[in-house]
Amino acid sequence: MKVEYDRDTCIGMFQCVDEWEDFEKNVDDGKADLVDAEETDDGVFVREIPEDAEFDAKFAARVCPVEAIRILDDDGEQLVP
């Protein structure tokens, strides 16, 4: 399972930071950062979700007000939201 984070879409509400520790506040530019993610496209970051963090990652995606976070299964299908 992977998380895909579109940083350009992020509006800096930081609700994801409250739900999953792998999102961190970046106060310099007012957006969240996804720890240990690889930029796969301009402003889009992807990384694997550890099994013990799947619940928190899904919740972070659900609370994002602009749907900047997507949870994808191993086939690339979107699971959340």
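In case you missed it, the structure is sitting above this.
Attention in this report is confined to the structure presented alongside it. (Residues numbered from 1 in each chain as written. Predicted model: local features only at pLDDT ≥ 70, side-chain atom pairs only at ≥ 80, totals over all residues. Heavy atoms only, no water.)

1. As for the sheet that holds strand β1 (residues 2-6)
Line of reasoning, step 1. In spatial order, the strands read β4-β5-β1-β6-β7; together these five strands make up an open sheet with antiparallel pairing. Edge positions in the open sheet fall to β4 (38-41) and β7 (78-80), since each of these has one partner strand only. Ignoring strand direction, the axes of neighbouring strands in this sheet form an average angle of 40°.
Line of reasoning, step 2. Sheet topology places β1 next to strand β6 (residues 69-72); four bridges connect them, and they run antiparallel. Note on β6: the bridge partner recorded for Y5 is I69.
Line of reasoning, step 3. Helix α2 (residues 54-63) contacts β6 and β7 of the sheet and is inclined by roughly 140° relative to β6. (Pairing = 2+ DSSP bridges. Helix = DSSP H or I, 4+ residues; strand = E, 2+ residues; numbered from the N terminus. Axes fitted to C-alpha atoms, helices over the stretch in contact; angles between N-to-C directions. Contact = heavy atoms within 4.5 Å.)

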